[in-house]
Amino acid sequence: MNSILILFICFIVLIGLAGYGGWRWRRLAAREARIILTGGGTGGHVNPALAIAEGIRKREPESRFLYIGVHGKAESVIVRRAGYPLRFVLSEGFPGLKPSFRLLRFLCKLTLGTIQGTAILLWFAPRWVIATGGYVSAPIILATLILRMLRLSPTKVYLHEQNSIPGQLNVLLGRWVDRVFLTFPQTLSFFPGNGVLVGYPIRHSVTLKPREEALADLPFRVSPERQVVFVFGGSQGARTINRALVDALPHLIPHRDRLFLIHGTGLSKSDGYDAAADTQERLEKTLSNGEKAFLDTFYYRQDYFHNIADVYSISDLIVCRSGAGSLNEISRMGKPAFLIPKANLPGDHQVMNARAMKHSGATEIMFEDTVVEDGKVLEKLEGKLFAERILRLLEDPEQLREMGARGKAFFRHHAVKRILSELYQDHSFDNGISYDTVPFKPLLSNQRLLQVLSAAYGRSPEAYDPLQVLGDEDDLVYYRHRAAALLSHKDWQDRNLGVKLIGFTHYHQKIPTLLHMLVDRTPANPIRRCFGGDFEQVAFIRRNAVQALQVFNQCDANIEKHLLTALEDPYFEVRSHVCGAVAHFASSLEGKEIWIEAMLNCLRDKSFEVAAEAAKALGEIGTDQSVLEVLLRLRESHYWQVRNAALVGIRRLVERDVIKPSKALLSQISGFILTATDFQPHFSIKKTYQTVQKCCRERLSEDGEGQGIERSHPNPGERTA
């Protein structure tokens, strides 16, 4: 009885505290403007929030702000410098729904972050929560929605989506918030009920200045006759862009009298990549002492430009990623851009952003490539090609002017005023006004692309052409680069998918990379070995590399060399697929002693799958009676699959006129055991045997009874698939 009374009293106290908390929250929210800003990871998420805060503060100078971010990210630097109070919660990127340790860790951090966010919300009592994306937004939005559901919070939640394709968490949470502010008109389809097109909010300080005024606030000088190129990879920096510019310097130094390069290396300083240190190390390795002597005259680098508007103002060309923040800032300044989008991000939003601008004539695009360097597969931009593209653009001032003008007209401007109109509901802007844009079709996901291309290949391997399937050369170029980018991922599943797509997109330039992965024997780490992994390039990757080579339908001496090495692979499926590839490339390998000997050795493989494929391959490349005699010796093999394959091989020898049918041959094949050791609804080996018999008898009736077995010189053009 006492326990029930205690529980009842606790329940009443909780209700009272909740009621008081809700009353206090509503009173504070009505009395003053308290706003929580959240979003981060990169400057592209942080700067829009600060731009909105500037607009609110201009309208309500007494507004109180609190910024919520994640430790160690761009907000730690940018928000503190802007002077806003900053708190941190736990959060990390959504890894997808596939069960994994990363998913468990994500859920744990999201739960703890939501609890932290709930405490902050109850203490700060905001009128609005304005989220600008990035995984840091998730726990704050979730905590606010839970408190609203419990009727403890009067807070309204607003979400700004910068990209043309929203992230998965934004799509999920966006349906529950009061308004989703959008940058691209194409994104409206994701939020039909509460989406509104406003553009990208840009801080007031990002304004075009006269060249001399901008130079006065910069720590370097540029003579008027020089063309300025600003190269950066976002607030955190981009390894491939940083390295590409350093690699391009030897090719740009001869043009130093007319060039000035500004390099923003980024703030990244993690165990995996320290942007400033890596750039310095590469400069030391790449440039000679003589070349280094010229650097100070035409090259300046810095980790991050807080006064980026000054750098934009003096630039003739901007080279960067295609995050929405950079694109909108460049658009506002009316500057031409050369974009290098990051592939394989959620929804491919950077590529979609770049494509939208390219279709309007506002930019040019270059994709990262994937290469083998020092025995490692990594993403790279070729320095010489990078330099050539920059120089070619600079040599056409009219094109640069046109690109800048088209870029300025591309995005919807006055985004902050449009957002304030929605926040205050004063209709100072009509955000429903239609606006012209160049439509573009969405890109296929990697999995969907694989389904489409593999189905087309399966229908007609001989006539397969990925360009005919996709219908757009630009899309095919991008899909190839996106597939190649997967080859450098840590997760073997991503690399495995990339190997398949390399084959189906016919990305011939990546054949050397596939061959490297096929024979790479870098040991897996101890943990992976405990779970059965042998090498870094796991068995499935090696197997699918062989399949990709077949899709290319290309065989040369280098491919032969690697396929021979792969016959020693410890995984039986790799060896069996190599035997299948030998049959596929029979027109190139027919009669080659090294391959006939290799297939004869594979008949003794401990795996019957390998022996079976080798028997079929011998039927495709064999050219004399000795091959027939070997296949006939398999008639009593323990495995019916091997016996069946031997019959298939004999049939191909007959069809290719390598051997001529005779009564003696019919007698010899009649000695094959035609039963199977495992249960089958029907014995397919019997059907194969009957096919061989029929083939021999038809040839006998055409040619008369042949005596013995003769060698013939077959016409490769008469081979059947």
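Residues numbered from 1 in each chain as written. Predicted model: local features only at pLDDT ≥ 70, side-chain atom pairs only at ≥ 80, totals over all residues. Heavy atoms only, no water.

Here we look at unusual backbone geometry
The criterion, for reference: Numbering of helices and strands runs from the N terminus; a helix is a DSSP stretch of H or I covering at least four residues, while a strand is a stretch of E covering at least two. Note on classification: 1.4 Å probe, protein chains only; a residue is buried when its accessible area is under 20% of the maximum for its type, exposed when over 50%, partly exposed between these limits.
Notably, Ala-125 is not glycine yet its phi reads approximately 55°, a positive angle. For Ala-125, the position within the fold is in the loop between helix H4 (101-124) and strand E4 (128-131). Judged by its relative accessible area of 0%, Ala-125 falls in the buried class. You will see that Asp-657, though not glycine, has its phi angle at about 65°, which is positive.

Observations concerning a nonpolar patch on the surface
Cut-off, in case you're wondering: Each patch is built from residues lacking any salt bridge and having more than 30% relative accessible area; the joining distance is 9 Å for like charges and 5 Å for nonpolar side chains (Val, Leu, Ile, Met, Phe, Trp, Tyr). Calculation of accessible area relied on Shrake-Rupley with a 1.4 Å probe; when residues are assessed, cover is drawn exclusively from the protein chains displayed. We count a salt bridge whenever a side-chain nitrogen from Lys or Arg sits within 4 Å of a carboxyl oxygen from Asp or Glu.
Together, Leu-90, Leu-112 and Ile-115 make up a nonpolar patch on the protein surface, roughly 260 Å² of accessible area in all. By secondary structure assignment, the location of Ile-115 is in helix H4. For Ile-115, a relative accessible area of 53% gives the class exposed.

Observations regarding the sheet that holds strand E6 (residues 179-182)
Test applied: Paired strands are those between which DSSP finds at least two bridges. Orientation is described by lines fitted to C-alpha atoms, with helices fitted over the stretch in contact, and by angles between N-to-C directions that extend from 0 to 180 degrees. Only heavy atoms matter for contacts: two residues are in contact if any of them lie within 4.5 Å across the pair.
Across the sheet, which stays open at both edges, the seven strands sit in the order E3-E2-E1-E4-E5-E6-E7 with parallel pairing between neighbours. Only two strands of the sheet have a single partner each, and these edge strands are strand E3 (86-88) and strand E7 (195-197). Direction aside, neighbouring strands of the sheet carry axes that sit 25° apart on average. Pairing of strand E1 (residues 34-38) with strand E2 (residues 64-69) involves five bridges; the strand directions are parallel. In the sheet register, Arg-34 faces E2, and the bridge partner there is Arg-64. Lying on the sheet, helix H2 (residues 43-59) is in contact with E1, E2 and E4; it crosses E2 at an angle near 175°. Sheet strands in contact with helix H5 (residues 137-149) are E1, E2, E4 and strand E5 (156-161), and its direction is about 150° off that of E5.

Quick notes on the nonpolar core
We apply this condition: For the purposes of this section, nonpolar cores are sets of buried Ala, Val, Leu, Ile, Met, Phe, Trp, Tyr and Cys residues that join through side-chain atoms within 4.5 Å. Domain start and stop positions are those given by an automatic or database domain assignment.
If you look at the biggest cluster of nonpolar residues, it comprises 134 residues, and the most contacted ones within it are Met-599 and Ile-669. Summarising the domain contributions, this core has at least three residues from each of domain 2 (211-411) and domain 3 (446-669). Filtering out sequence-adjacent residues up to four positions away, Met-599 remains in contact with Leu-567, Cys-579, Val-582, Ala-614, Ala-617, Leu-618 and Ile-621. Listed in part, the 34 residues of the second largest apolar core include Val-89, Leu-110, Val-129 and Ala-138.

Quick look at the domain arrangement of the chain
As a reminder, the rule being used: Buried area adds together the accessible area that both of two parts lose upon being put together, with accessible area traced by a 1.4 Å probe. By the convention adopted, Pro, Cys, Tyr, Trp, Phe, Met, Ile, Leu, Val and Ala count as nonpolar, Lys, Arg, Asp and Glu as charged, and the other residues, Gly among them, as polar.
If you check the domain split of the chain, you get domain 1 (15-197), domain 2 (211-411) and domain 3 (446-669). On a C-alpha basis, the centres of domain 2 and domain 3 stand 42 Å from each other. Contacts between domain 2 and domain 3 engage 16 residues on the former and 18 residues on the latter. Taken over both partners, the interface formed by domain 2 and domain 3 buries close to 1,400 Å², and the fraction arising from carbon and sulfur atoms is 51%. Salt-bridge contacts for Asp-369 lead to Lys-510; the nearest nitrogen and oxygen are separated by 3.1 Å. Going through the elements one at a time, helix H13 (349-359), strand E14 (369-373) and strand E15 (376-380) are the ones with two or more residues in the side of domain 2 that touches domain 3. Taken together, the residues that form the side of domain 2 that touches domain 3 break down as seven nonpolar, three polar and six charged.

Concerning the side chain of Ser-137
Here Ser-137 is to be found in helix H5. Ser-137 has contacts with Thr-38, Gly-39, Ala-131 and Thr-132, leaving out every residue within four places of it along the chain.

Some thoughts on the packing of aromatic side chains
So the rule is basically this: Only the six-membered ring of Trp is used, alongside the rings of Phe and Tyr, when aromatic pairs are assigned; centres must lie within 6.5 Å, and planes under 30 degrees apart are stacked while those over 60 apart are edge-to-face, with the rest tilted. Distance and angle both matter: a charge sits over a ring if NZ of Lys or CZ of Arg is within 6 Å of the ring centre and within 35 degrees of the ring normal.
For the structure on display, the rule yields 23 aromatic pairs. Pairing Trp-128 with Tyr-158 gives two aromatic rings, centres 6.4 Å apart and planes at 85°, and the pair type is edge-to-face. Of the two residues, Trp-128 is situated in strand E4 and Tyr-158 in strand E5; the sequence distance between them amounts to 30 residues. Since its relative accessible area comes to 4%, Tyr-158 is described here as buried. Directly above the aromatic system of Tyr-424 lies the positively charged group of Arg-59, at a separation of 4.2 Å from the ring centroid. The ring centre of Phe-294 lies 3.7 Å from the NZ or CZ of Arg-256, which sits over that ring.

Some words on the pairing of strand E8 (residues 227-232)
How we decide: Convention used here: a crossover is right-handed provided that the path from the first strand, over the helix, to the second strand proceeds clockwise when the strands point away from the viewer.
Of all six residues in E8, six are buried; the element is thus mostly enclosed. Residues of E8 alternate between two faces, with Gln-227, Val-229 and Val-231 on one and Val-228, Phe-230 and Phe-232 on the opposite face, all of them buried. Sheet topology places E8 next to strand E9 (residues 259-264); six bridges connect them, and they run parallel. Bridge pairing in E9 places Phe-232 opposite Gly-264. Taken together, E8, helix H8 (residues 239-252) and E9 constitute a β-α-β crossover, and its handedness is right-handed. Pairing of E8 with strand E11 (residues 317-320), which is carried by three bridges, proceeds in the parallel orientation. Residue Phe-230 lies in a different strand from E11, and its bridge partner there is Ile-318.

Considering the side chain of Lys-380
For Lys-380, the location among the structural elements is in strand E15. Since its relative accessible area comes to 19%, Lys-380 is described here as buried. Leave out the neighbours within four places in its chain, and Lys-380 touches Thr-240, Asp-247, Arg-282, Glu-368, Asp-369, Val-371 and Glu-373.

Topic: the pattern of salt bridges
Evaluated as defined, the whole model comprises 36 salt bridges. In this structure, the salt-bridge partner of Arg-321 is Glu-368, at a minimum N-O distance of 2.8 Å. Taken together, the residues span a long stretch of sequence, with Arg-321 in the loop between E11 and helix H12 (324-333) and Glu-368 in the loop between strand E13 (363-365) and E14 at a distance of 47 residues. In terms of burial, Arg-321 and Glu-368 fall into one category: buried. Ionic pairing is found between Arg-389 and Glu-364, a salt bridge with its closest N-O pair at 3.3 Å. Remark: Glu-364 occurs in strand E13 and Arg-389 occurs in helix H14 (residues 383-394); sequence separation between them is 25 residues.

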